[in-house]
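Chains, contacts and geometry: an overview
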Amino acid sequence: MSDLHDVLILGSGPAGLTAAIYAARASLDPLVIEGEPSSTGDQPGGQLMLTTDVENFPGFPDGIMGPELMMQFRKQAERFGAILKTEKATRVDLTEQPFRVWIGDPEAAEPTYRAKTIIVSTGATALMLDQPNEQRLLGHGVSTCATCDGFFFRDHDIAVVGGGDSALEEATFLTKFAKTVTIIHRRDELRGSKIMQDRAFANPKIKFLWDTEVTDVLGDQSVESLALRNNKTDETSELAVTGLFVAIGHRPNTDLFQGQLAMKDNGYLITEAPSTRTNVPGVFACGDVQDDTYRQAISAAGSGCSAAIDAERWLEANE
Amino acid sequence: MSENIIDLTDATFDETVSGTAEPLVVDFWAEWCGPCKMIAPILDEIAEEQGDSIKISKVNVDENPSIAQQYGIMSIPTILVFRDGELDKRIVGAKGKAQLLEEFGL
């Protein structure tokens, strides 16, 4: 028979690890399935693993590196006895108590873990353009991680696709290395915050292409140019760049819960405000997986705290 | 870092590639790369568990830019696998342990 846990946490970004800290301090011995390494936001530590300076997390007046911040979260969770497993769940069964979670073969007769409560904090993953040659050139000019790969584009002309805060942050960061950074945006105005917009507009290395969409990524061995289309005039053009960074938004990592947890049309989990309760009693959701509004590390951490407290109270009421 | 892992530099790279009988794994990484940090303990484990069946090494791209450039590294982590001194495989992006073992043919 597989282990039975009071609290099992899926995901280890700011939400999952804050939930782990609170649950561990409440002596609930949380088990954290932290995910498996990848070069997207769907990995241990979450999306902050792909960032550099985090300037808006309270308590760090001089800023802190994203990966460093997540290492600190992790240490703090471990200090209070949270158990972290570098594994990824392949199947969950939330139809009856105790809930069941599989790692590895999803068809296995016995689950890997059983739990009385589950906290879902699987976060979100950056969207890609979904163009034919984008996958082929991944790692050869197409990048999912500006902080990892910016270094390789010293004095290159490169492009960032998107118009939100992530796109502006990436573009601004990449100007440390690149000769020019062209921001390609499908609208004629930015969605990003005022401070990031001001920074981007003031940066002499950043150029903008408005009302423009990338229709293909061109290059034999590595990226050589992008095929573009102006969505107002339908005019097509080519932009010579050696690097492409995509920051066009996110999708929640909720495939695992299809048909089991209530979600919005866009895939984000539905929680019963002002709590973190999902439609299944004993299953709670926190962080970006249920937040298509704020999507900040600090709001994720806050909801992670709420989820741990909700789980603790649920256990007390149902023991 | 496991004692079984070698730190390669621009100066020692070629010699190690040609002089290693076992399959040689080279992990290109840097301090500022989050996903690189996540695979480091996995490579440690593999190095400890696999003993002599495979040799695992690392190249810090910040300190050794010319090797990274020679192999067209444009993204980290990138892992190259050499067999008999020849480049056999290129693995781009961080992966879990099971996937890495499979990629290494273990």
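Please refer to the structure placed before this passage.
Keep in mind that what you see is a predicted model, and the values were worked out from it rather than measured.

Comments concerning the overall build of chain A
- When helices and strands are tallied, chain A shows 6 helices and 19 strands.
- Dimensions of chain A along its principal axes, counting C-alpha atoms only, are 65 × 45 × 35 Å.
- Evaluated residue by residue, chain A yields a buried proportion of 50% over its 319 residues.
- Counting contacts in chain A only where the partners sit at least 6 residues apart, residues at least 24 apart contribute 61% of the total.

Considerations on unusual backbone geometry
Residues and elements named next belong to chain A.
- The omega angle of the peptide bond from Gln97 to Pro98 is -15 degrees, so this bond is cis rather than trans.
- Geometrically, the link from Ala273 to Pro274 is a cis peptide bond, its omega value of 5 degrees lying close to zero.
- By the element assignment, Pro274 lies in the loop between strand E18 (250-252) and strand E19 (283-285).
- The phi torsion at Ser27 lies on the positive side, around 60 degrees, for a residue other than glycine.
- Of note, Ser27 is situated in the loop between helix H1 (14-25) and strand E2 (31-33).
- For Ser27, a count of 11 C-beta atoms within 10 Å corresponds to the exposed category.
- Positioned with a positive phi, Asp29 is a non-glycine residue whose angle comes to about 45 degrees.
- Along the polypeptide, Asp29 turns up in the loop between H1 and E2.

Some words on the interface of chain B and chain A
- The interface of chain B with chain A comprises 20 residues on the first partner and 25 residues on the second.
- Here the element with the most residues in the side of chain B that touches chain A is helix H2 (residues 34-50) of chain B; it accounts for 6 residues.

Details of the sheet that holds strand E15 (residues 225-230) of chain A
Residues and elements named next belong to chain A.
- One open sheet accounts for 3 strands, arranged E14-E15-E16; its pairing is antiparallel. Each edge of the open sheet carries a strand with a single partner, namely strand E14 (212-218) and strand E16 (236-240). Neighbouring strand axes in the sheet, compared pairwise and without regard to direction, differ in orientation by 30 degrees on average.
- Bridge analysis of E15 against E16 gives 5 bridges, and the strand direction is antiparallel.

Thresholds, definitions, all that
Residues numbered from 1 in each chain as written. Chains lettered and ligands numbered in written order. Predicted model: local features only at pLDDT ≥ 70, side-chain atom pairs only at ≥ 80, totals over all residues. Helix = DSSP H or I, 4+ residues; strand = E, 2+ residues; numbered from the N terminus. Buried ≥ 20, exposed ≤ 12 C-beta atoms within 10 Å, placed from the backbone. Contact = placed C-beta atoms within 7 Å. Pairing = 2+ DSSP bridges. Axes fitted to C-alpha atoms, helices over the stretch in contact; angles between N-to-C directions.

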